[in-house]
Amino acid sequence: GSAASHIKSLSTNPAATDRIGGQETTPPVGLLPGETVVREGKATILFPSANEVFYNPVQEFNRDLTCAVITEFARDLLAQRGVKVVVPGEKERVVVSLSEEANEAGIQTEEKDGVEESAVTATVGEKCEHGLRVLEGLAASGLRSVRFALEVPGLQSVTANDFSTKAAALIGRNAQYNGVSHILQASCRDASMLMYEMRGKKDRYDVIDLDPYGSPASFLDAAVQAVSEGGLLCITCTDMAVMAGNSGETCYSKYGSVSIKAKYCHEMALRIILHSVDQRAGVYQRYIQPLLSVSVDFYIRVFVRVFTGQATVKNSASKQALVYNCVGCGSFHLQRMGRRTSNGKHMKYSAATGPPTGPECEHCGQRHQLGGPIWAEPIHDLAFVQKVLSGVSGNPSRFGTSKRIEGVLSMVTEELEDAPLYYTVDSLSSTVHCNTPPLLQFRSALLHAGHRVSLSHACKNAIKTDAPPAAVWDIVRCWEQANPVKREKLSPTSPAFKILSTKPSFETSTCPQFPSGPTDSCNEVDNNLLQHFKVQGVHKVSLQF
């Protein structure tokens, strides 16, 4: 369902807004003339009629997902502090732990949520003494922060900051209107200055959420310092034109990375922001661990933990890579920025060797564009993503966009971790001017050729694989043999002519088969693919074999 279907714009009559969660409540604050009320999640937010503080219903998914992620983060972190979080509507989770002695005796001991039953519990809307300290740096109306206070258990405080005095005043009224002033404080500061002041170890925030209009680049230096040890940064970028290759030079000035126009631009954008955050963190002997990175609608969103450690920071160069992208056929190669080799207990660091390809593309003879550097390590923590997915699927009524969250996270859990970027089947086939093979047939052909392969949440026709470009083009050639292209129509200098003039390295008889029927191994990912792209309103994915 669309985000808009979960939002009700109510009349300016306060009586129309006095039912929250099915219970009659008296609004603690009256509405000003012309004000309207918007409901999202458990929050009821006052908005000025002039729309001075912008409300974007499309971002409901972003806010739902963030509540789900912070809930799991709080569950993990607070368990270590002896606090058990209680989520409304969630069935009791039972974690079976086997101690060594009990294991030998074959006895199972049960703990709930990995915390003894006598533990302190934290519920939503209650201030938790040992809970998380959260900062929303650019809060506008305070909707997101109010939702945190009402929907995420285990919070000690939420600071909703905005540079605008009107916005800060509205945040204060919304906190009062929703009865969360005991948790949520409004702040009217320059976000960077506020974070710089909170760099001290005792002052730092456990969670910092940055959701600016445009680029978060100017806030990153302060954010990587003001987040606690192992704390969570949640960052949105909406400057997708810059990050997806329309102006690589601007991207370099903001993020220290050159973006390029390529089919994989959405995943590359995620890797650019991760590179930038890791590089800023490195200055302060800190490094990142990405938990979840998603590209949806018109923006990207990353959730990363930040840790301190001089030894680990030394690994940073070898985690980044330049991208060589062929302008003719779209083949790409990664060039790591550094090299590390394990030498017993010690790690040895050296300069990387390269380049990974010659001056001309070996497949089509065209030149390469240079992009990056980008983050070349995994962009998700699959164990964490699985926890978020289980939490949402086991409690679907908690969020308006639960179905979509399930679709996106299911796709994320299927993605190959160690195969950065992707090809798209339509661009591969259009390069050689042939019919487009069905996505899942192409996937099966790669599997039969002995390669690992997955789809991507970031693009509906994407193929992620550990197969080298040569193997990918061999599969295309096999497909073209069954769906021939008229050679006389091809220019001898075109990428298509060069690629199709090379025989597949397989004998025709051993060409990977494009199966005529579905296989069991495909079914689960097919269903996830269909669910994910249907909830995005995309229905043109071919699932025929």
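About the thresholds
Residues numbered from 1 in each chain as written. Predicted model: local features only at pLDDT ≥ 70, side-chain atom pairs only at ≥ 80, totals over all residues. Heavy atoms only, no water. Pairing = 2+ DSSP bridges. Helix = DSSP H or I, 4+ residues; strand = E, 2+ residues; numbered from the N terminus. Axes fitted to C-alpha atoms, helices over the stretch in contact; angles between N-to-C directions. Contact = heavy atoms within 4.5 Å. Core = buried A, V, L, I, M, F, W, Y, C linked by side-chain atoms within 4.5 Å. Buried < 20%, exposed > 50% of the residue type's maximum accessible area, 1.4 Å probe, protein only. Parallel < 35°, antiparallel > 145°, perpendicular 65-115°, else oblique. Nonpolar A, V, L, I, M, F, W, Y, C, P; charged D, E, K, R; others polar. Expected span 1.5 Å × (residues − 1). Polar contact = N/O pair within 3.5 Å; in protein donor to acceptor, adjacent residues only side chain to side chain. Arc of directions from axis to C-beta. pLDDT = per-residue confidence, 0-100.

### Topic: the sheet that holds strand β21 (residues 368-375)
Strand order in this open sheet of 3 strands is β18-β17-β21, and the pairing throughout is antiparallel. Each having just a single partner strand, β18 (332-336) and β21 make up the two edges of the open sheet. Strand after strand, the sheet turns through a mean of 25 degrees between neighbouring axes, direction not considered. Pairing between strand β17 (residues 320-326) and β21: 6 bridges, direction antiparallel. Across the sheet, V323 pairs through a bridge with G371, a residue of β21. Helix α9 (residues 265-282) rests against β17 and β21 of the sheet, and its axis sits at about 55 degrees to β21.

### So, the nonpolar core
Judged by nonpolar contacts, the single largest core of 80 residues is most densely connected at M195, I208, L233, Y264, I273, V277 and F442. By size, the runner-up hydrophobic cluster in this structure holds 55 residues, among which are C128, A160, I171 and V392.

### Here's the deal with the packing of helix α1 (residues 60-80) against helix α13 (residues 402-414)
Close contact between α1 and α13 brings their axes to 10 Å; oriented N to C, the two are set at 70 degrees. Judged by the inter-axis angle, α1 sits roughly perpendicular to α13. Contact residues: α1 offers F61, D64 and L65, while α13 offers R404, I405, V408 and L409. Across the contact of α1 with α13, the residue classes tally to 5 nonpolar, no polar and 2 charged.

### A few points about helix α12 (residues 382-393)
Between the first and last C-alpha of α12 there are 16 Å, a value that for 12 residues agrees with the 16 Å anticipated at 1.5 Å per step. Looking at the buried positions of α12, the neighbouring elements they touch are α1, β15 (286-296) and α13. Sitting at the head of α12, D381 places a side-chain oxygen 3.2 Å from the backbone nitrogen of A383.

### A closer look at helix α8 (residues 248-255)
Along α8, the residues that are buried comprise G248, C251 and Y255. Mapping the buried residues of α8 onto a view down its axis gives an arc of 55 degrees, with all of them on the same face. The exposed set on the far side of α8, more than 90 degrees from its buried face, consists of E249 and S253. Packed against the buried residues of α8 are β14 (227-237), α7 (240-243) and α9. Just downstream of α8, G256 is the residue with a positive phi angle, here 70 degrees.

### What about the environment of P437?
Within the fold, P437 resides in the loop between α14 (425-431) and α15 (439-448). Once the C-alpha coordinates of P437 and E480 are considered, the two residues, 43 residues apart in sequence, prove to be 9.4 Å apart.

### A few points about the environment of C237
Following the sequence through the fold, C237 ends up in strand β14. In this structure, the C-alpha to C-alpha distance between C237 and S215, residues 22 residues apart in sequence, is 5.4 Å. Setting aside chain neighbours within four positions, we find C237 in contact with G214, P216, M243, Y255, I273, Y299 and I300.

### Here we look at the confidence of the model for the protein chain
Taken residue by residue, the protein chain gives an average pLDDT of 86. The fraction at 70 or more is 81%. Here residues 534-545 scores under 50 on pLDDT; set against residues more than four positions off or in separate chains, the count is 26 contacts.

### So, the side chain of D474
In this fold, D474 is placed in helix α16 (residues 469-482). A residue is classified by how much of its surface remains accessible, and D474, at 7% relative accessible area, is buried. Only 2.7 Å separates the side chain of D474 from the side chain of R477, close enough to count as a polar contact.

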